[in-house]
Number of protein chains: 2
Amino acid sequence: MGTSLRPAHIDFPAPARPDPNHADCRGVASVLSRVGDKWSVFVIMMLSDGPKRFNELKRMINGISQRMLTLTLRGLERDGLVTRTIFPTIPPRVDYELTDLGRGLSQPVEALGKWAKDHLVQIEAARSQFDERNDR
Amino acid sequence: MGTSLRPAHIDFPAPARPDPNHADCRGVASVLSRVGDKWSVFVIMMLSDGPKRFNELKRMINGISQRMLTLTLRGLERDGLVTRTIFPTIPPRVDYELTDLGRGLSQPVEALGKWAKDHLVQIEAARSQFDERNDR
DNA sequence: CAGCATCCAAGACGATACTG
DNA sequence: CAGTATCGTCTTGGATGCTG
């Protein structure tokens, strides 16, 4: 496989002398980075109103490649946020569904999504202001 | 500079025919990906109890390289979440501080952080279970 | 239909060296 | 102290072609 299910950039270098402030940050970061993954967020949102099939998701999430959808679903499955159910029919059918854990996560995620939506204009304004000052 | 302030992977391919479901997702994703960035989260958390200097942050966030701290701070500044104040003293001194926007963001972020902390054990259990089933 | 394997380009990141 | 510049390495992710 071309890409690992355990991304490297969320692993942490152990501090020489552990700073009490960050004792448990290592693990938290790895959870947050799943949320930061744009595809994961979309998949979670798409699944929040019931189970979906692979190609169904692919169609709903415009622009995702098959590879990334597979990878994203595996990641979510690995984290126990999504279940994968295979129906041994012909043609094969696979349903993806949020677990209880996944449904729990989707709440704070949507809170954050709401914040993002509400402040998107401000942020984009800040960005173009910043860019204009610095581009040239 | 080696790395852009505007990461490519958060840009979206425009849908052939815009799906009403995703009309405003493009922008939201770019905000979420800032949150998903582990360094950004740590910086925001470190700054949530008052302004800090560059090397002060560097020491608090164990394992971050100078380069990444600079890049992260620039990203946060660009998004209007952090202000950068230069004191033209010798040696130079630069303070970073959360803006109102930044403080607003830190709330849902901490809610998510709390969720992550509360369910970390479950997630890590799910991960090792999944890995054990599939590794071999 | 669902998905794995392979190839390849673009980008992210760390290490190092240098500056006002 | 607080950066910038540059280099080399690793990861990411799209495209394509092949299977049960």
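Whatever comes next refers back to the structure up there.
This is a predicted model, so every value here is computed, not measured.

Draft legend 1. Spatial organisation of the overall build of chain A. Secondary structure summary: chain A contains five helices and three strands in total. Starting at the N terminus and ending at the C terminus, chain A contains elements arranged as α-α-β-α-α-β-β-α. Scored against the burial criterion, the 136 residues of chain A give a buried share of 46%. Of all intrachain contacts in chain A linking residues separated by at least 6 positions in sequence, the fraction that spans at least 24 positions is 46%. Of the accessible surface of chain A, which amounts to about 7500 Å², a share of 53% is contributed by carbon and sulfur atoms.

Draft legend 2. Inspection of the protein's contact with DNA strand D at higher detail. Contacts to DNA strand D come from 21 residues, most closely from Arg 67 and Met 68 of chain A together with Gln 66, Arg 84 and Tyr 96 of chain B. In DNA strand D, atoms within 4 Å of the protein come from the sugar-phosphate backbone in 68% of cases. Note that a base nitrogen of DNA strand D is positioned 2.5 Å from one of the side-chain N or O atoms of Arg 67 of chain A. The contact in question runs from a phosphate oxygen of DNA strand D to an N or O atom on the side chain of Tyr 96 of chain B, over 2.5 Å. The dominant element in the surface near DNA strand D, judged by the number of residues it contributes, is helix H4 (residues 66-78) of chain B, at three residues. Looking at side-chain class alone, the surface near DNA strand D contains nine nonpolar, eight polar and four charged residues.

Draft legend 3. Spotlight on the nonpolar core. The biggest cluster of nonpolar side chains holds 66 residues, and the ones touching the most others in it are Tyr 96 and Leu 105 of chain A together with Tyr 96 and Leu 105 of chain B. Apart from the residues within four sequence positions on either side, Leu 105 of chain A is in contact with Val 35, Ile 44 and Leu 81 of chain A together with Leu 112 and Trp 115 of chain B.

Draft legend 4. Up close: the protein's contact with DNA strand C. Of all residues adjacent to DNA strand C, which total 21 residues, the nearest are Phe 54, Gln 66 and Arg 84 of chain A together with Arg 67 and Met 68 of chain B. In the interface set of DNA strand C, defined as its atoms within 4 Å of the protein, sugar plus phosphate atoms amount to 66%. Arg 67 of chain B places a polar side-chain atom, nitrogen or oxygen, 3.2 Å from a base nitrogen of DNA strand C. Counting only elements with at least two residues in the surface near DNA strand C, the list comes to helix H3 (54-60), helix H4 (66-78) and strand E3 (93-98) of chain A together with H4 of chain B. With three residues, the single largest contributor to the surface near DNA strand C is H4 of chain A. A breakdown of the residues in the surface near DNA strand C according to their chemical character gives nine nonpolar, eight polar and four charged.

Draft legend 5. Local environment of the pattern of salt bridges. Residues and elements named next belong to chain B. By the definition in use, this model includes twelve salt bridges over all chains. When the shortest N-O distance is used, the salt bridge between Arg 34 and Asp 79 registers 2.5 Å. Here the residue Arg 34 occupies a position in helix H1 (residues 25-36), and Asp 79 occupies one in the loop between H4 and strand E2 (82-87), the gap between them amounting to 45 residues. We classify Asp 79 as buried; its relative accessible area is 1%.

Draft legend 6. Geometry of the packing of helix H2 (residues 38-47) of chain A against H4 of chain A. Residue and element names in this part refer to chain A. It is at 10 Å that the axes of H2 and H4 come closest, and there the two elements cross at 75°. With respect to each other, H2 and H4 are oriented roughly perpendicular. Between H2, through Trp 39, Ser 40, Val 43 and Ile 44, and H4, the contact on the second element is made entirely by Met 68, Leu 69, Thr 72, Leu 73 and Leu 76. For the contact of H2 with H4, the residue count by class is seven nonpolar, two polar and no charged.

Draft legend 7. Representation of helix H2 (residues 38-47) of chain B in the model. Taking burial as the measure, the ten residues of H2 of chain B include nine buried ones, the bulk of the element. Among all positions of H2 of chain B, only Lys 38, Trp 39, Ser 40, Val 41, Phe 42, Val 43, Ile 44, Met 46 and Leu 47 of chain B are buried.

Definitions and cut-offs
Residues numbered from 1 in each chain as written. Chains lettered and ligands numbered in written order. Predicted model: local features only at pLDDT ≥ 70, side-chain atom pairs only at ≥ 80, totals over all residues. Heavy atoms only, no water. Helix = DSSP H or I, 4+ residues; strand = E, 2+ residues; numbered from the N terminus. Buried < 20%, exposed > 50% of the residue type's maximum accessible area, 1.4 Å probe, protein only. Contact = heavy atoms within 4.5 Å. Areas by Shrake-Rupley, 256 points an atom, 1.4 Å probe, with all protein chains shown as cover. Near = heavy atom within 4 Å. Polar contact = N/O pair within 3.5 Å; in protein donor to acceptor, adjacent residues only side chain to side chain. Nonpolar A, V, L, I, M, F, W, Y, C, P; charged D, E, K, R; others polar. Core = buried A, V, L, I, M, F, W, Y, C linked by side-chain atoms within 4.5 Å. Salt bridge = Lys/Arg side-chain N within 4 Å of Asp/Glu carboxyl O. Axes fitted to C-alpha atoms, helices over the stretch in contact; angles between N-to-C directions. Parallel < 35°, antiparallel > 145°, perpendicular 65-115°, else oblique.

Read these as spatial facts, not as claims about activity.
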